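# An overview of the molecular structure
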Amino acid sequence: MKRCPECRRDYHDDSLLYCLDDGSTLLDGPSSTGAATAILHRAASANEALTRAQISAAEAETGPQAPGQAAGKPSIAVLPFANISKDPDNEYFCDGLAEELLNALAKIDDLKVAARTSAFSFKGRNANVSEIAAALKVDTVLEGSVRRQADRIRITTQLISAADGYHLWSERYDREMKDIFDVQDEIALAVVDALKVKLLGTKQAAVLKRYTENAEALDFYLRGLSYFAKFTPEYFQKAIESFTSAIEIDPNYAPPYAGLAESYCEMSFFASAHEWMPKAKASARKALEVDDTLGSAHNALAVTLMYYDRDFPGAEKEFQRAISLDPGSAHIHMWYGWFLGLMRRFDEAEDRVRHARGLDPLSHLINLGIGAIYLWSGKLDRAVEELSRVVDLNPNFPISYIYLAEAYVEKREFAAALATLDNAPITFNDPISRSAVAYVYAKAGGRDKAFEMLAELEGESCGEFDQAVYIAKVYLALDDTDRAFGWLEKACNEHSVWLIWMGVDPAFDPLRHDQRFMEMLKRMNLPQ
């Protein structure tokens, strides 16, 4: 046992001789080859603990589980690397390196890798390894630090056993930036070796595959990933700029094209699909032209075929291809689960999204997907249970309150529906959220409030957001079927990405025997 003189914490391995003092300086000392050369202390509040909502979300999949009990095969969580550079703007680079390593390891069939959303949810927390491992259901944790100065970089990593806190492997790399790709390969292979995972030729090639040899292009790509992960229209735009810069430096770098495609797809949910979806499809196809083995590009193409072209067989083919190439991607499994749900294949959808949650238990998007599928399939009690968990998991996620309120509406528990919206610790600023709120008020008897909000929304209907489908929902709740159809026709003509929801959304159940509605479903290739 050894106590760090800086932070006064005890550590098991006496060969660990270094500590980060204030999160910015690495204390120098004698080196020990092959032994640990640093201990990472996260710049986090000492009183911030792992939230019960996170553990609850993880346990929802398979029940409580102690560290070291990951079933069947070795498992690992890659935490975001700590930025110990003097420049705080290097945060994106540290996160990106960890994400790249995580994605490489996820290509190994015999290794379970916790997905980015869940692993990165512990960033800035003071949770210990055993807590993290229990929440993510893994038996090892990889953490690291990055110190970057000009063209020099120091990366320190260690692989820790969750069962006893001992270090299975640790190393420090002092290199030039141009050698960053070699460092990534060395870390990946060292982790595989420490976990005693067999890596055959084809899989080793996939894990060590380099999509570029240009460190500057990689830097812009990692910056784009960081922006994309913030998941707002403003940051999607910044991600687009960064991915474009990476491509300008290396036009044969496939992942930034896929990043562009995914960013364009997400933008189409906040603005005109006509503007963004063709760009998404072109970027996805360009990525596949450069490298047909990129699962994220096949996934992005599937999303464009699903939402914009409404070529559902083609979309499913691309989703399945993406999964075959990248079976460890919770993101791809989640998208395919949404697709299956929208095709009314609810049992398959539930299985697929649950599989995604097994990889990424703390993702609010994935947990929302499970709740949505229960709502669409009429399992209302389970929908309320799941959606309540999402609200606990991420209280600042507006759509979870809306789905939960709509689940209460279907249960005819109108007071609970209104309370869900009224007590939400957020404001519903965007037109789509406000139209969904107006729908709940209309169903719950607040017709005057619904009409007031509807007047505002109709005045904005030619603006940035595409909310015609949601305005139609409000009119339907107000028993004005003809105006509801008028707005659905507008959405259909505008190629709204939201329109395929009407095939499963219980709000449209009153129209399911209306000939006009059945004709619209047929035009969109949706199941009757």
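The structure we're discussing is the one just above.
Notes on the structure in this doc start here. Here the structure is a predicted model, which means the values were calculated and not measured.

Rules behind the numbers
- Residues numbered from 1 in each chain as written.
- Predicted model: local features only at pLDDT ≥ 70, side-chain atom pairs only at ≥ 80, totals over all residues.
- Heavy atoms only, no water.
- Helix = DSSP H or I, 4+ residues; strand = E, 2+ residues; numbered from the N terminus.
- Buried < 20%, exposed > 50% of the residue type's maximum accessible area, 1.4 Å probe, protein only.
- Contact = heavy atoms within 4.5 Å.
- Areas by Shrake-Rupley, 256 points an atom, 1.4 Å probe, with all protein chains shown as cover.
- Pairing = 2+ DSSP bridges.
- Axes fitted to C-alpha atoms, helices over the stretch in contact; angles between N-to-C directions.
- Parallel < 35°, antiparallel > 145°, perpendicular 65-115°, else oblique.
- Phe/Tyr/Trp six-rings, centres within 6.5 Å; stacked < 30°, edge-to-face > 60°.
- Lys NZ or Arg CZ within 6 Å of the ring centre and 35° of its normal.

## Observations concerning the overall build of the protein
- The helix and strand inventory of the protein stands at 23 helices and 8 strands.
- For the protein, the proportion of its 528 residues judged to be buried stands at 57%.
- In the protein, the proportion of contacts linking residues at least 24 apart, taken out of those at least 6 apart, comes to 61%.
- On the protein, roughly 21,500 Å² of surface is accessible, and the fraction owed to carbon and sulfur atoms is 49%.

## A word on the pairing of strand β6 (residues 140-149)
- Across the 10 residues of β6, 8 count as buried, placing the element largely inside the fold.
- One ladder, built from 3 bridges, connects strand β3 (residues 75-78) with β6; its direction is parallel. Its bridge partner lying in β6, alanine 77 is registered against valine 141.
- By the bridge criterion, 2 bridges tie strand β4 (residues 82-83) to β6 in an arrangement that is parallel. Following the sheet pairing, asparagine 83 is matched in β6 by valine 146.
- Note that β6 and strand β7 (residues 152-161) share 10 bridges and pair antiparallel. Note on β7: the bridge partner recorded for serine 145 is threonine 156.
- Counted along the chain from β6 to the antiparallel partner β7, the turn is 2 residues long, and its residue alanine 150 has a positive phi close to 55 degrees.

## Some words on the packing of helix α2 (residues 91-105) against helix α7 (residues 215-229)
- It is at 8 Å that the axes of α2 and α7 come closest, and there the two elements cross at 90 degrees. With respect to their mutual orientation, α2 and α7 come out roughly perpendicular. In contact with Tyr92, Phe93, Gly96, Leu97, Glu99 and Glu100 of α2, α7 contributes Leu218, Asp219, Tyr221, Leu222, Arg223, Leu225 and Ser226.

## Focus: the packing of aromatic side chains
- Per the counting criterion, the structure on display carries 22 aromatic pairs.
- Both rings, one in phenylalanine 312 and one in phenylalanine 339, keep their centres 6.5 Å apart while their planes meet at 50 degrees; by these two values the pair is tilted. With phenylalanine 312 in helix α12 (residues 312-325) and phenylalanine 339 in helix α13 (residues 330-342), this residue pair connects regions lying 27 residues apart in the sequence.
- Using a relative accessible area of 1% as the deciding quantity, one classes phenylalanine 339 as buried.
- Aromatic side chains tryptophan 498 and tryptophan 501 sit 5.5 Å apart centroid to centroid with 50 degrees between the ring planes, which places their arrangement in the tilted category.
- One Lys or Arg, lysine 230, reaches over the ring of tyrosine 235 and ends 5.4 Å from the middle of that ring.
- Here lysine 238 stacks its cationic end above the ring of tyrosine 227, 5.9 Å away from the centre of that ring.

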